[in-house]
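# Commentary on secondary and tertiary structure
Now for the letters of each chain:
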Amino acid sequence: MPASSGNGAVMRSTLRQQIADALRDEVLAGRLQPGQEFTVKEIAEQYGVSATPVREALVDLSAQGLLDADQHRGFRVHEYSAADLRGMIEARSLVVDGMFHAVTEGRRTYPLPNDPRVAAVLAGVRRRGEEARRAAGAGDLTVLIGYDLRFWRELSALFDNPYLADFLHRLRVQTWVCTVQHLRGVTDLRGHLWGRHTDLVDALVRRDSATAHAILDEYNAHSLALIERIAVD
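Report follows, based on the coordinates. Note that the coordinates shown come from a computational prediction; the quantities given were computed from them, not determined experimentally.

When helices and strands are tallied, the protein chain shows nine helices and three strands. Secondary structure elements in the protein chain, listed N-terminal to C-terminal, are α-β-α-α-β-β-α-α-α-α-α-α. Split into buried and exposed, the 233 residues of the protein chain put 41% on the buried side. Taking the intrachain contacts of the protein chain between residues at least 6 apart in sequence as the baseline, contacts between residues at least 24 apart amount to 72%. Accessible surface computed for the protein chain: about 12000 Å², of which carbon and sulfur atoms make up 52%.

This part covers helix 3 (residues 51–63). Look at helix 3: 18 Å from first C-alpha to last across 13 residues, which is about the 18 Å you get at 1.5 Å a residue. Taken together, the buried positions of helix 3 are occupied by Pro53, Val54, Glu56, Ala57, Leu58 and Leu61. At the exit of helix 3 stands Gly65, carrying a positive phi of roughly 85°.

It is worth spelling out the pattern of salt bridges at this point. Side chains that differ in charge, positive against negative, can pair when their charged atoms come close. Evaluated as defined, the whole model comprises 18 salt bridges. The partner of Glu26 in a salt bridge is Arg31, and the shortest N-O contact between them spans 3.1 Å. The salt bridge involving Glu131 is made with Arg134; its shortest N-O contact spans 2.9 Å. Taken together, the residues Glu131 and Arg134, both in helix 5 (residues 116–138) and three residues apart, mark about one turn of the helix. A network of salt bridges, in which partner residues are shared, links Arg126, Glu130 and Asp202.

One way to put it is that helix 6 (residues 141–157) packs onto helix 8 (residues 197–205) with a least axis distance of 12 Å and a crossing angle of 10°. The angle between helix 6 and helix 8 places the two elements in the roughly parallel class. You can see that helix 6 and helix 8 cross each other, and the crossing is left-handed. Across the interface between the two elements, Leu144, Asp148, Phe151, Trp152 and Leu155 from helix 6 touch His197, Leu200, Val201 and Leu204 from helix 8. Its residues assigned to classes, the contact of helix 6 with helix 8 comprises seven nonpolar, one polar and one charged.

Interaxial distance between helix 5 and helix 8 falls to 7 Å at its minimum, and their mutual angle equals 150°. If you check the angle between helix 5 and helix 8, you find them roughly antiparallel. Contact residues: Leu122, Val125, Arg126, Gly129, Glu130 and Ala132 in helix 5; His197, Thr198, Val201, Asp202 and Val205 in helix 8. Looking at side-chain class alone, the contact of helix 5 with helix 8 contains five nonpolar, three polar and three charged residues.

Analysis parameters
Residues numbered from 1 in each chain as written. Predicted model: local features only at pLDDT ≥ 70, side-chain atom pairs only at ≥ 80, totals over all residues. Heavy atoms only, no water. Helix = DSSP H or I, 4+ residues; strand = E, 2+ residues; numbered from the N terminus. Buried < 20%, exposed > 50% of the residue type's maximum accessible area, 1.4 Å probe, protein only. Contact = heavy atoms within 4.5 Å. Areas by Shrake-Rupley, 256 points an atom, 1.4 Å probe, with all protein chains shown as cover. Expected span 1.5 Å × (residues − 1). Salt bridge = Lys/Arg side-chain N within 4 Å of Asp/Glu carboxyl O. Axes fitted to C-alpha atoms, helices over the stretch in contact; angles between N-to-C directions. Parallel < 35°, antiparallel > 145°, perpendicular 65-115°, else oblique. Left-handed = near helix turned anticlockwise from the far one by under 90°. Nonpolar A, V, L, I, M, F, W, Y, C, P; charged D, E, K, R; others polar.

Written as structure tokens, this is what we have:
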């Protein structure tokens, strides 16, 4: 019946997303290494599912730049260089700078503390920032990535542009994948990870564009210097 067919399509789409999310997390955790190869059949057997949603999930991750597809050998985790990170950070900066510029010029109502909805969301964003700061101080890369992605996802959603928020999220995931490939080999990351998320929120609430941009510039410079130093070593 049509209803059954529709439900099947929804379930397959959900499974496709679940597999893509699981594999993305494996890459972010460093359990899938740069250059590591695998086939649709191997992933389907690992998760105990059919090949169709796995193939669709792998194609999605390839479109996001996380995997490379090889017609004859399956898929492999994309390998990123320090030069790739520089390009990603430049692209990320252009997007975020535009968003913050819209705020400080008043072309977006956010962030207005007297708006209960915005205030509630900002409180949640700030909590993510606090957790990200603690994880950075402890050198816990996995926890930091999780909170950092949630922080930026929720912050960008306040601009009421889902296309922009989705683009920035994908770009940040790609940037973290690139970063992880270099940082997973460092035994102790305490004192090396950036965690000024709450300072950024405070600057935006004050509409202090100079401080917000200075914090972002520091963040970008810190990220590049860290990865380039590791790449040389």
